Amino acid sequence: MTRSMLQKRLQQKNSRVVIDWSKENVDAGGAVQNLVSWVKGYPRSQDVHIYLSAARREALNLRLLQRTLQSIGCTVIARVIPS
C-alpha cells in the first residue's frame, strides 16, 4: 500500500483496524511495547479494535495491557480460545 493510498484510507470515516492478539503471549515484553508504540503512533486510535486472550495465567499482564490500550483510545475485546 502506497503512502497516498494510506492517507486516503485514513480520511475515510468508516475505516478501522482490527488486531487479533488473542493467541499472542502477553508476557513477551518487546512485542507488547511494539504494539503499544504502533497504536500510539496511529493517527486515529479510536478506530483500532484489538482482541486479547482471556487466559487466566496472564491475567495481570493482560489487564495492564488492556488498560494501556484503552487509555490510548482503542476498543479492547477479550476473546476466549477453546483449548
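Not measured: the values here are computed from a predicted model.

Caption draft 1: Highlighting the sheet that holds strand β3 (residues 75-79). Taken together, the three strands give an open sheet; going across it, the order is β1-β2-β3, and neighbouring strands pair in parallel fashion. The open sheet terminates on both sides in strands that have one partner only, identified here as β1 (17-21) and β3. Looking at each pair of strands side by side, their axes are set apart by 20 degrees on average, direction ignored. Taken together, the five bridges between strand β2 (residues 48-53) and β3 define a ladder with parallel strand orientation.

Caption draft 2: View of the environment of Trp38. By the element assignment, Trp38 lies in helix α2 (residues 29-41). For Trp38, a relative accessible area of 41% puts it in the partly exposed group.

Caption draft 3: Just the side chain of Arg44, in detail. Tracing the sequence through the fold places Arg44 in the loop between α2 and β2. In this structure the side chain of Arg44 is engaged in a polar contact, spanning 2.5 Å, whose partner is the side chain of Asp47.

Caption draft 4: The arrangement of the nonpolar core in detail. Trp21, Val39, Ile50 and Leu69 are the most contacted members of the largest nonpolar core, which totals 16 residues. Sorting the residues of this core by element identifies β1, α2, β2 and α3 (59-72) as the ones contributing at least two each. In this structure Ile50 touches Ile19, Trp21, Leu35, Val39, Leu69, Cys74, Thr75, Val76 and Ile77, once residues within four positions along its chain are discounted.

Caption draft 5: Here's a closer look at the environment of Thr68. Looking at the element boundaries, Thr68 is found in helix α3. We classify Thr68 as partly exposed; its relative accessible area is 31%. Along the sequence, Thr68 and Val36 sit 32 residues apart, while their C-alpha atoms lie 7.8 Å from each other. From its side chain, Thr68 meets the backbone oxygen of Leu64 in a polar contact 2.8 Å long.

Caption draft 6: Up close: the environment of Tyr42. By secondary structure assignment, the location of Tyr42 is in the loop between α2 and β2. Along the chain, Tyr42 and Val17 lie 25 residues apart, while their C-alpha atoms are 9.9 Å from each other.

What counts, and where the lines are drawn
- Residues numbered from 1 in each chain as written.
- Predicted model: local features only at pLDDT ≥ 70, side-chain atom pairs only at ≥ 80, totals over all residues.
- Heavy atoms only, no water.
- Pairing = 2+ DSSP bridges.
- Helix = DSSP H or I, 4+ residues; strand = E, 2+ residues; numbered from the N terminus.
- Axes fitted to C-alpha atoms, helices over the stretch in contact; angles between N-to-C directions.
- Buried < 20%, exposed > 50% of the residue type's maximum accessible area, 1.4 Å probe, protein only.
- Polar contact = N/O pair within 3.5 Å; in protein donor to acceptor, adjacent residues only side chain to side chain.
- Core = buried A, V, L, I, M, F, W, Y, C linked by side-chain atoms within 4.5 Å.
- Contact = heavy atoms within 4.5 Å.

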